[in-house]
Amino acid sequence: MLAVVGPTAAGKTELALALAERLGAEVVSADAMLVYRGMDIGTAKPTPEERARVPHHLVDLVEPGEEFSVARFQPLARAAIDEVLERGRLPLLVGGSGLYFHAVVDDFVFPPTDEAVRARLEAEAAQRGLPELYRRLAEADPAAAARIQPGNLRRTVRALEVIELTGRPFSSFRAAMDAPVSRYRLTVLGLDPGAEHLRARVAERVAAMAEAGLVEEVRRLAGRPLSRTARQALGYKELLDAMEQGTGISEAFEQVVRRTRTYARRQLAWFRRDPRVAWSTLPPGPERVAWALEAFGKDFELPNERAIRRP
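Residue indices follow the written sequence of each chain, beginning from 1 at its first position. Local features in this predicted model are restricted to residues of pLDDT 70 or higher, and side-chain atom pairs are both shown and tallied only at a pLDDT of 80 or more, whereas totals for entire chains, interfaces and linings draw on every residue. Based on all heavy atoms of the structure, the side-chain values leave hydrogens and waters out of the count.

1. Observations concerning the overall build of the chain
Alright, step 1. Helix and strand assignments follow DSSP, with helices taken as H or I runs no shorter than four residues and strands as E runs no shorter than two, numbered in order from the N terminus. Scanning the chain from N- to C-terminus turns up 15 helices and six strands.
Alright, step 2. Relative to the compact-globule value of 19 Å for 311 residues, the chain shows a C-alpha radius of gyration of 20 Å, a close match.
Alright, step 3. Dimensions of the chain along its principal axes, counting C-alpha atoms only, are 65 × 45 × 35 Å.
Alright, step 4. Taken across its 311 residues, the chain has 49% of its residues classed as buried.
Alright, step 5. For the chain, contacts bridging at least 24 residues in sequence account for 76% of all contacts bridging at least 6.
Alright, step 6. Each accessible area is a Shrake-Rupley result for a 1.4 Å probe, and residues are judged covered by the shown protein chains and nothing else. When the accessible area of the chain is evaluated, it comes to approximately 15,300 Å², of which 52% is carbon and sulfur surface. Here the globule rule reads 2.2 Å times residues to the power 0.38, and the radius of gyration is calculated from C-alpha atoms. Only protein chains enter the calculation, and the probe is 1.4 Å; a residue is then buried if its accessible area is under 20% of its type maximum, exposed if over 50%, and partly exposed in between. In this description, contact between two residues means that some pair of their heavy atoms is separated by no more than 4.5 Å.

2. Re the pattern of salt bridges
Alright, step 1. What counts as a salt bridge is simple: a side-chain nitrogen of Lys or Arg found within 4 Å of a carboxyl oxygen of Asp or Glu. Tallying each qualifying case throughout the model produces 25 salt bridges.
Alright, step 2. Its salt-bridge partner being Asp106, residue Arg276 comes within 2.7 Å of it at the nearest N-O pair. Taken together, the residues Arg276 in the loop between helix H14 (249-272) and strand S6 (277-280) and Asp106 in the loop between helix H4 (98-105) and helix H5 (115-128) connect sequence positions 170 residues apart.
Alright, step 3. In this structure, Arg231 engages Asp241 in a salt bridge whose closest nitrogen and oxygen atoms are separated by 3.0 Å. Of this pair, Arg231 sits in helix H12 (residues 228-231) while Asp241 sits in helix H13 (residues 236-245), and the two are 10 residues apart along the sequence. Across the pair, exposure class does not vary: Arg231 and Asp241 are buried alike.
Alright, step 4. Three or more residues are tied together by salt bridges with common partners; here these are Asp40, Lys45, Arg51 and Asp60.

3. Describing the layout of surface pockets
Alright, step 1. Points on a 1 Å grid over protein atoms alone make up a cavity when a 1.4 Å probe fits among them but cannot get out, and a pocket when they form an open set with protein on both sides within 12 Å along at least five of seven lines; lining residues each have an atom within 4 Å of a point. Grid points are joined across faces, edges and corners, and a volume is the space filled by probe spheres set on the points. Here the second largest pocket is characterised by a volume of approximately 510 Å³.
Alright, step 2. Lining the second largest pocket are 20 residues, and of these Ile41, Ala44, Lys45, Thr47 and Arg205 lie nearest its centre.
Alright, step 3. Broken down by secondary-structure element, the contributors of at least two residues to the lining of the second largest pocket are helix H1 (12-23), helix H2 (48-53) and helix H10 (195-212).
Alright, step 4. Ranked by the residues each element gives to the lining of the second largest pocket, the list is headed by H10, at six residues.

4. Re the nonpolar core
Alright, step 1. Among the buried residues, those of types Ala, Val, Leu, Ile, Met, Phe, Trp, Tyr and Cys that are joined through side-chain atoms within 4.5 Å form a nonpolar core. Membership of the largest hydrophobic core comes to 50 residues, with the highest contact counts inside it found for Tyr36, Leu93, Phe101, Val104, Val105, Leu214 and Tyr236.
Alright, step 2. Taken together, the elements giving at least two residues each to this core come down to strand S1 (2-5), helix H3 (70-86), H4, H10, helix H11 (214-222), H13 and H14.
Alright, step 3. Considering every element that reaches this core, the biggest residue donor is H14, with seven residues.
Alright, step 4. Sequence-distant contacts of Leu214, that is, excluding residues within four places in its chain, are made with Ile41, Gly42, Met209, Tyr236, Leu239 and Phe253.

5. What about the packing of aromatic side chains?
Remark: the centre distance and the inter-plane angle together describe each pair of aromatic rings, the angle taken between the planes.
Alright, step 1. The criterion for an aromatic pair is that two Phe, Tyr or Trp rings (for Trp, the six-membered ring) have centres within 6.5 Å, with stacked assigned to planes under 30 degrees apart, edge-to-face to planes over 60 apart and tilted to the rest. Under the criterion given, the structure shown has three aromatic pairs.
Alright, step 2. A ring pair is formed by Phe101 and Phe271, whose centres lie 5.8 Å apart and whose planes are at 70°; its orientation type is edge-to-face. Remark: Phe271 occurs in helix H14 and Phe101 occurs in helix H4; sequence separation between them is 170 residues.
Alright, step 3. Judged by its relative accessible area of 1%, Phe101 is buried.

So, in structure tokens, the structure goes:
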């Protein structure tokens, strides 16, 4: 399996389309937000024309009101990859959601969940204060506490939930992430356009989203039920907050730019920890495509144009 990873606005979609057409590959999305129907502009979802050029999997799976998790994503992604391989074509995993990527390619085991336990822990946090729950986590699992910010209610509750349900430290489930061993013959390419270029690309992308009608898209979604995950998506959260609070849309877009840049830095830090990723700082264009083809060709006997099996 081939993969292209990196931060938002780095040009993953453009490169993936060029590679897929050259190699007869099919794109398997590893993006946590592309699964939602109707959330198109703000997620930079591949357009219908792009999806007509190259088959895409795991896009538009659920309605925005439906909760969707990485545990649910994992078997769907692996099934899609198996189907692509069975057709004699190459799966090309593309995305910037690090946890989703690891969940697909590594033997990543998800601990169980229990809504009743989680609700009880959240109630305790509301009554006794989050610091008390965080102190309990630090005593039970210091390694997990060291990775979780003291003010992060969701992750603190999740860690305590797992400890209660399994009797194991929450940190013990990180083995596949800390020492990844792929379940596929895998080549991963990472895109890092550099800090200044990425800052500019993010600003350009957000401006293009505004021009394309992101405000109107969010207004349509505002009248529908939204899951907690969809509600927190980049671009959607800021505009929804502005609409609900009566604050300025231009200020909301400034927040989108800032939050997206912060997220892009976290994405890079995540993927930089993975020694399997071969990185490129080339800008989008023919040189980047040539580099990617050469990098993939070192590990795979890639098909030539005549040998490609079209869908």
